[in-house]
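Letter by letter, the chains look like this.
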Amino acid sequence: MSLLGTQRPLHSDAVVLRAEGLGRSVPGKILVADATFDIRRGEALAIVGPSGSGKTSLLRLLNRLDEPTSGTVFLDGTDYRRIAPRDLRRRVGMVSQRPYLFPGTVAENLRFGPLQRGEELPADRVDDLLAGVGLAEYAARNVANLSGGEAQRVSFARTLANAPEVLLLDEPTSALDDDAKAEVEDLIHRVARERGPTCVLVTHDTAQAARLASRALLIEAGRIARDGPPQEVLGA
Amino acid sequence: MLKTLFHGQLQLGLAQAAAAALAAMLVVLLARRRNIHLEKELLIAMVRGLVQIVAVGSILLLLLRAPDWISVFLLASMMVAAGATSRRRAEGMPDAFRVSTYSIACGAGSVIALMTWLGVIDTPITTLVPVGSMLIANAMNTNGLALNRFRSDVLAHVGEIETALALGADGNSSVAPYVQASFEASLIPAIDSLRSLGIVWIPGLMAGMLLSGARPLYAAIYQFVVVAMIFAASGLTSLTSTLLIRTRVMSPAEQLVLRPKN
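Everything quoted here is computed from the prediction, not taken from an experiment.

About the thresholds
Residues numbered from 1 in each chain as written. Chains lettered and ligands numbered in written order. Predicted model: local features only at pLDDT ≥ 70, side-chain atom pairs only at ≥ 80, totals over all residues. Helix = DSSP H or I, 4+ residues; strand = E, 2+ residues; numbered from the N terminus. Rg over C-alpha atoms; globule rule 2.2 N^0.38 Å. Buried ≥ 20, exposed ≤ 12 C-beta atoms within 10 Å, placed from the backbone. Contact = placed C-beta atoms within 7 Å. Pairing = 2+ DSSP bridges. Axes fitted to C-alpha atoms, helices over the stretch in contact; angles between N-to-C directions. Core = buried A, V, L, I, M, F, W, Y, C linked by C-beta atoms within 7 Å. Nonpolar A, V, L, I, M, F, W, Y, C, P; charged D, E, K, R; others polar. Domains from an automatic or database assignment. Parallel < 35°, antiparallel > 145°, perpendicular 65-115°, else oblique. Left-handed = near helix turned anticlockwise from the far one by under 90°. pLDDT = per-residue confidence, 0-100.

A.B. asks: Explain the overall build of chain A to me, please; I cannot follow it from the model alone.
C.D. replies: Along its length, chain A carries 8 helices and 10 strands. For chain A, whose C-alpha radius of gyration is 17 Å, the value lies close to the compact-globule estimate of 18 Å for 236 residues. Buried residues in chain A amount to 48% of all 236 residues. Within chain A, contacts between residues at least 6 apart in sequence are counted, and of these 70% link residues at least 24 apart.

A.B. asks: Whenever I open this one, helix H1 (residues 55–62) of chain A confuses me. Can you help?
C.D. replies: The α-helix advances 3.6 residues per turn, and as a result positions three or four apart in sequence lie on the same side. Burial analysis of H1 of chain A places 8 of its 8 residues in the buried class, which makes it a mostly covered element. Within H1 of chain A, burial applies to Lys55, Thr56, Ser57, Leu58, Leu59, Arg60, Leu61 and Leu62 of chain A.

A.B. asks: Looking at this model, I keep getting lost on the sheet that holds strand E10 (residues 223–228) of chain A. Mind explaining?
C.D. replies: Residues and elements named next belong to chain A. One open sheet holds the 6 strands; their spatial order is E6-E7-E8-E3-E9-E10, and the pairing between them is mixed. The two strands at the open ends of the sheet, each matched to only one other strand, are strand E6 (92–95) and E10. Neighbour-to-neighbour, the strand axes of the sheet open up by a mean angle of 20 degrees, direction not taken into account. With 5 bridges connecting them, strand E7 (residues 166–170) and strand E8 (residues 198–202) associate as parallel partners.

A.B. asks: Can you walk me through the nonpolar core in this structure?
C.D. replies: Across soluble globular proteins, nonpolar side chains have a tendency to be buried as a group. Counting 116 residues, the largest nonpolar core has Ile47, Cys199, Val200 and Leu201 of chain A together with Leu135 and Ile136 of chain B as its most contacted members. Ranked by the residues each element gives to this core, the list is headed by helix H6 (residues 125–156) of chain B, at 14 residues. Excluding its chain neighbours within four sequence positions, the residues that come into contact with Ile136 of chain B are Leu75, Met78, Met79, Ala82, Ile104 and Ala108 of chain B.

A.B. asks: How should the interface of chain B and chain A be read in this particular structure?
C.D. replies: By convention, interface size is frequently given as the accessible area that disappears when the constituent parts associate. In this assembly, 14 residues from chain B lie in contact with 20 residues from chain A. Looking at the side of chain B that touches chain A residue by residue, the classes come out as 5 nonpolar, 5 polar and 4 charged.

A.B. asks: Could you clarify how one ought to interpret the domain arrangement of chain B in this entry?
C.D. replies: Assigned domains of chain B: these are domain 1 (1–63) and domain 2 (68–248). Between domain 1 of chain B and domain 2 of chain B, the C-alpha centre-to-centre distance is 25 Å.

A.B. asks: How should I be thinking about the sheet that holds strand E2 (residues 29–40) of chain A in this particular structure?
C.D. replies: Strand-to-strand pairing in sheets goes through backbone hydrogen bonds, with the strands running parallel or antiparallel. Residue and element names in this part refer to chain A. An order of E2-E1-E4-E5 is seen for the 4 strands of this open sheet, with the pairing classed as antiparallel. Two strands in the sheet have a free side with no partner beyond their single neighbour: E2 and strand E5 (78–79). Bridge analysis of strand E1 (residues 15–26) against strand E4 (residues 70–75) gives 5 bridges, and the strand direction is antiparallel. Looking at E4, one finds that Ala19 is bridged to Val73.

A.B. asks: What is the right way to look at the pairing of E1 of chain A in this model?
C.D. replies: Both faces of the sheet carry side chains from a regular strand, because those side chains alternate between them. Residues and elements named next belong to chain A. In this structure, E1 lies alongside E2, joined through 8 bridges in antiparallel fashion. From the neighbouring strand, Arg24 faces E2, where its bridge partner is Val32. Between E1 and E2, which follow one another and run antiparallel, lie 2 residues, and Gly28 among them has a positive phi close to 85 degrees.

A.B. asks: What should I look at first to understand the packing of helix H2 (residues 9–33) of chain B against helix H3 (residues 39–63) of chain B in this one?
C.D. replies: Relative placement of two packed helices is described by the angle separating their axes and the distance separating the axes. All names here are of chain B. At their nearest, the axes of H2 and H3 sit 10 Å apart, and the two run at 165 degrees to each other. By the angle between their directions, the pair H2 and H3 is classed as roughly antiparallel. In the crossing of H2 with H3, the sense of the turn from one axis to the other is right-handed. Contacts from Ala17, Ala21, Ala24, Val28 and Arg32 of H2 reach H3 at Glu39, Leu42, Met46 and Leu50. Among the residues forming the contact of H2 with H3, the class breakdown is 7 nonpolar, no polar and 2 charged.

A.B. asks: Mind showing me how you'd approach the environment of Leu147 of chain B here?
C.D. replies: All names here are of chain B. Inspection of the secondary structure puts Leu147 in helix H6. By C-beta crowding, Leu147 is classed as buried, having 28 other C-beta atoms within 10 Å. Separated by 57 residues in the primary sequence, Leu147 and Ala90 have C-alpha atoms spaced 5.6 Å apart.

A.B. asks: I would appreciate a short explanation of unusual backbone geometry in the present structure.
C.D. replies: If a residue is not glycine, its phi is most likely negative; likewise, a peptide bond is most likely trans. The phi dihedral of Tyr100 of chain A is positive, around 45 degrees, even though this residue is not glycine. On the secondary structure map, Tyr100 of chain A appears in the loop between E6 and helix H3 (106–116).

A.B. asks: Teacher, can you tell me more about the confidence of the model for chain B here?
C.D. replies: Across chain B, the average pLDDT comes to 87, with 98% of residues at or above 70. Summarising per-element confidence for chain B, the mean pLDDT is lowest in helix H10 (residues 204–211) of chain B (73) and highest in helix H7 (residues 158–166) of chain B (97).

A.B. asks: So what exactly am I meant to see when it comes to the packing of H7 of chain B against helix H8 (residues 171–186) of chain B here?
C.D. replies: Residues and elements named next belong to chain B. Between H7 and H8, the least distance of the axes is 8 Å, while the angle of their chain directions is 150 degrees. One way to sum up the angle between H7 and H8 is to call them roughly antiparallel. Crossing of H7 against H8: the hand is right-handed. The residues of H8 that touch H7, namely those facing Ile161, Ala164 and Leu165, are Ser173, Ser174 and Val175. In terms of residue class, the contact of H7 with H8 is made up of 4 nonpolar, 2 polar and no charged.

Dropping the structure here:
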């Protein structure tokens with residue numbers, strides 16, 4: 001079952017996201033400093049680093065959930081400050097550490113994103129997305145009755161329902177047990193393998209980064225310390 | 001008992017105030033045993049409240065012969081003071097003073113203006129200022145409750161709000177459930193006052209009217225009028241403040257700016 005539906009992106013090596021001198025500081029603290037890097041379409045990039053090094057802060061700058069205090073990001077060559085935030089976040093989707101499902105059914109959660117721009121997600125697309133995350137027949141279930149792993153997979157499908165070009169994953173398995181973690185990892189692996197949305201994965205788990213990513217960025221004290229193939233970056 | 005000990009009206013008043021304050025302090029002591037510390041806040045509030053009400057009483061005494069238009073300045077000053085008081089219930093919320101003052105002015109101010117124009121509230125300063133101040137005070141309480149509830153709901157649901165934003169929702173829809181909950185919660189006291197009028201409480205204004213010789217039935221109906229006006233002023237204030245504050249917790253780029261302190 002395809003996770004990408006009818007909006008499968010082009011198979012291309014073009015730069016989809018470019019961070020240029022990107023930085024954010026709050027009074028008394030530099031969270032991210034002078035981050036410059038390209039992400040190519042279909043690439044699976046892992047952002048790794050110790051706790052508090054600025055991984056999540058960097059990720060939140062990529063879909064403008066936080067405002068950069070320096071630099072900017074280009075999405076398909078356009079400065080993202082020139083793109084309406086709602087449109088930007090549809091195109092650069094995000095799965096957070098905790099699923100934060102909205103009260104209601106699984107299908108209602110999947111329909112949330114498209115509904116924000118007045119689109120009704122067809123029932124067969126809901127079924128496709130759920131089958132893609134291994135939750136066929138879950139559409140009518142109340143989210144209150146899902147396990148942690150199921151909830152995270154629904155969160156994954158909910159973000160994919162927006163057909164994003166880039167998928168930001170903020171430690172998506174850190175709150176899960178080993179079985180659920182393996183299921184979610186398998187999902188990420190499939191998205192990366194199908195060359196669907198470009199994946200940017202924040203993780204403190206270097207083994208996970210090596211398993212899932214084709215490239216890794218090591219962040220230390222808010223700055224990019226290394227950038228390259230996972231084996232080189234993580235093994236150095 | 002106090003009346004046998006104190007014969008002058010002023011001494012008696014102070015003794016009665018001390019007895020009431022003692023009852024309030026007793027509650028503070030009971031709360032302290034459960035690790036809820038209200039001592040400082042209540043002490044300051046009581047001293048402040050007593051000084052303020054005595055000052056207003058003295059000013060009213062001086063203004064008995066003042067022209068009616070002075071009421072407008074007095075009520076406007078009260079609204080600004082109410083805005084400043086309300087702001088403290090919304091710590092960390094951007095622009096809370098301005099939002100509170102605008103909302104109280106819009107809610108209480110418009111109800112006072114409309115009711116005065118219709119003749120429901122008399123224009124002499126001795127009527128307009130006390131009745132107007134009741135509406136302003138209740139609007140202030142409602143506004144404080146609305147902002148406080150909204151603030152705690154947003155801080156408790158940062159993840160849900162940012163998830164909605166990350167899925168392409170606009171700022172207003174992302175906080176809409178908390179706007180509605182704050183509005184409803186803030187009106188509970190006003191609705192309960194209206195519902196329990198005459199059964200659970202007989203407000204002081206009615207007693208005052210009876211003492212000054214008004215017919216009991218008219219005093220009772222007017223009391224309903226006052227409580228209904230309080231509800232209208234409070235509701236309009238809460239509606240305005242929750243609508244205004246939701247725009248203040250989002251940046252122009254639809255980022256949540258009210259976040260827990262690290």
